[in-house]
Amino acid sequence: MGELVPAPAGRAAGPRQQAVTATAVRGLSRFAGARGVPPGREFLLDYDVIEAFCVAGLPGRASSTRGTYRSALYRLATPVHGEPGQRGTPFAGAKPPPPYSPAERAGLAAIAAAQRDPAKRRSALAMVVFGIGAGLRPGELTALRGSDVACRGRRVVTRVTGNRQRLVPVASRYAGRAAELARCAGDGFVFRPGRADRGYKNFVTSFARTLAADPAAPPLTLSRCRSSFICGHLAAGTPVGELLAITGICQAESLARYARHVEGAPPKAVLRAWDKTRQAR
């Protein structure tokens, strides 16, 4: 198994990410060995082998677990075979999270403001501001520093780092708060500053569970915050190409998960046709 996980990559990952990767590699090795795939890295980390393992080799596992294992194995495969040539298989059961209603968004802001600890209050507010206002994913929020947020005229823009680098204009309603949070953070992390295992996949979710809130209020989750951002742009008629660019989504068809929540949004067939037109260019 050690041959599949290079030492530098292992040291760079947090302990929880290392554990997930090790589990995925063991499962892949057993799956491939039972089917006569040679043990070399170039064979085991072939994207087709990984896809077969994630689709057929994890019976009973949740779609989120399959996706987590695939992401871990893809990270190992990229240095060996380069970037994958096609999109991974969509896993059944990955339902689109509903966006927050306007009333729920106001409630989330109130929950964030009600936290007694100032650092906890700012981190909760960062989830709302950069989730609903900029559509960041958990890993992107975790990596966000104050220096990644800049004012450009009347706009506030967030620079997203990592594998899907992009510039995201913050929604005007949240721009002032975004700039304020960035000033407080300086060059440090905006969300949960200080030393922490930022590679832990539930780093944001675990924090959200500790927030003091009315049990009847909807829980604060970054997936619903991001859904609110995407659905807001779909409702506003943001051009598909622009929306893909600011969300870091690769294919227009993936927007169909969110479009079902928005009246008048492009149907899946239109989004699929958009992808085909772009590929033909």
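Scroll up to find the structure.
Thresholds applied
- Residues numbered from 1 in each chain as written.
- Predicted model: local features only at pLDDT ≥ 70, side-chain atom pairs only at ≥ 80, totals over all residues.
- Heavy atoms only, no water.
- Pairing = 2+ DSSP bridges.
- Helix = DSSP H or I, 4+ residues; strand = E, 2+ residues; numbered from the N terminus.
- Axes fitted to C-alpha atoms, helices over the stretch in contact; angles between N-to-C directions.
- Expected span 1.5 Å × (residues − 1).
- Buried < 20%, exposed > 50% of the residue type's maximum accessible area, 1.4 Å probe, protein only.
- Arc of directions from axis to C-beta.
- Contact = heavy atoms within 4.5 Å.
- Phe/Tyr/Trp six-rings, centres within 6.5 Å; stacked < 30°, edge-to-face > 60°.
- Lys NZ or Arg CZ within 6 Å of the ring centre and 35° of its normal.
- Salt bridge = Lys/Arg side-chain N within 4 Å of Asp/Glu carboxyl O.
- Core = buried A, V, L, I, M, F, W, Y, C linked by side-chain atoms within 4.5 Å.

### Description of the sheet that holds strand E3 (residues 166–169)
Judged by pairing direction, the sheet is antiparallel, and its three strands sit side by side in the order E1-E2-E3 without closing on themselves. A strand with exactly one partner marks an edge of an open sheet, and here the two such strands are strand E1 (149–152) and E3. Each strand of the sheet is rotated relative to its neighbour by a mean of 30°, with strand direction disregarded. Sheet topology places E1 next to strand E2 (residues 155–160); four bridges connect them, and they run antiparallel. Bridging from a neighbouring strand, Arg152 pairs with Arg155 of E2.

### Description of helix H9 (residues 172–185)
Its 14 residues place the ends of H9 20 Å apart at the C-alpha level, agreeing with the 20 Å of an ideal helix rising 1.5 Å per residue. Restricting attention to buried positions, one finds in H9 the residues Tyr174, Ala175, Ala178, Ala179, Leu181, Ala182 and Ala185. Projection of H9 onto a plane perpendicular to its axis shows the buried side chains occupying an angular sector of 165°, all on one side. Among the exposed residues of H9, those oriented more than 90 degrees off its buried face are Arg183 and Cys184. Turning to H9, the residues buried within the fold contact helix H6 (102–113), helix H7 (118–132), E1 and E2. Positioned one or two residues after H9, Gly186 has a phi angle of 60°, which is positive.

### A closer look at the packing of aromatic side chains
This model, assessed by the stated rule, comprises four aromatic pairs. Taken together, a centroid distance of 5.7 Å and an interplanar angle of 55° make the contact between Phe31 and Phe53 tilted. Of the two residues, Phe31 is situated in helix H2 (residues 15–34) and Phe53 in helix H4 (residues 47–56); the sequence distance between them amounts to 22 residues. In this pair, the class of Phe31 matches that of Phe53, namely buried. Aromatic side chains Phe191 and Phe207 sit 5.2 Å apart centroid to centroid with 85° between the ring planes, which places their arrangement in the edge-to-face category. A residue pair is termed long-range when its members are at least 10 positions apart, and Phe191 in the loop between H9 and helix H10 (203–209) and Phe207 in helix H10 qualify at 16 residues. The exposure classification of Phe191 matches that of Phe207, with both residues buried. Pairwise contacts between aromatic rings join Phe191, Phe203 and Phe207 into one cluster. Its end group placed over the ring of Phe203, Arg192 keeps NZ or CZ at 4.3 Å from the ring centre. In this structure, Arg257 packs its charged tip against the face of Tyr258, placed 5.3 Å from the ring centre.

### Observations regarding the pattern of salt bridges
Applying the stated rule across the entire model yields seven salt bridges. For Glu253, the salt bridge goes to Lys268, with nearest N and O atoms at 3.8 Å. One end of the pair, Glu253, is in the loop between helix H12 (240–247) and helix H13 (256–259); the other, Lys268, is in helix H14 (residues 268–280), and 15 residues separate them in sequence. Residue Lys268 is classed as partly exposed on the basis of its relative accessible area of 43%. Shared partners join several salt bridges into a network, and the residues in it are Arg137, Glu140 and Arg166.

### Focus on the nonpolar core
Core analysis: the biggest nonpolar cluster contains 55 residues, and Met127, Phe130, Leu141, Leu220, Leu234 and Leu255 have the highest contact counts within it. Of all the secondary structure elements, the ones that give two or more residues to this core are H6, H7, E2, H9, H10, helix H11 (222–236), H12 and H13. The biggest single contributor to this core is H7, with eight residues. Setting aside residues no more than four positions away along its own chain, Leu141 makes contact with Ala126, Met127, Phe130, Leu136, Phe191, Val204 and Leu222. Listed in part, the 18 residues of the second largest apolar core include Ala24, Val25, Ala32 and Tyr69.

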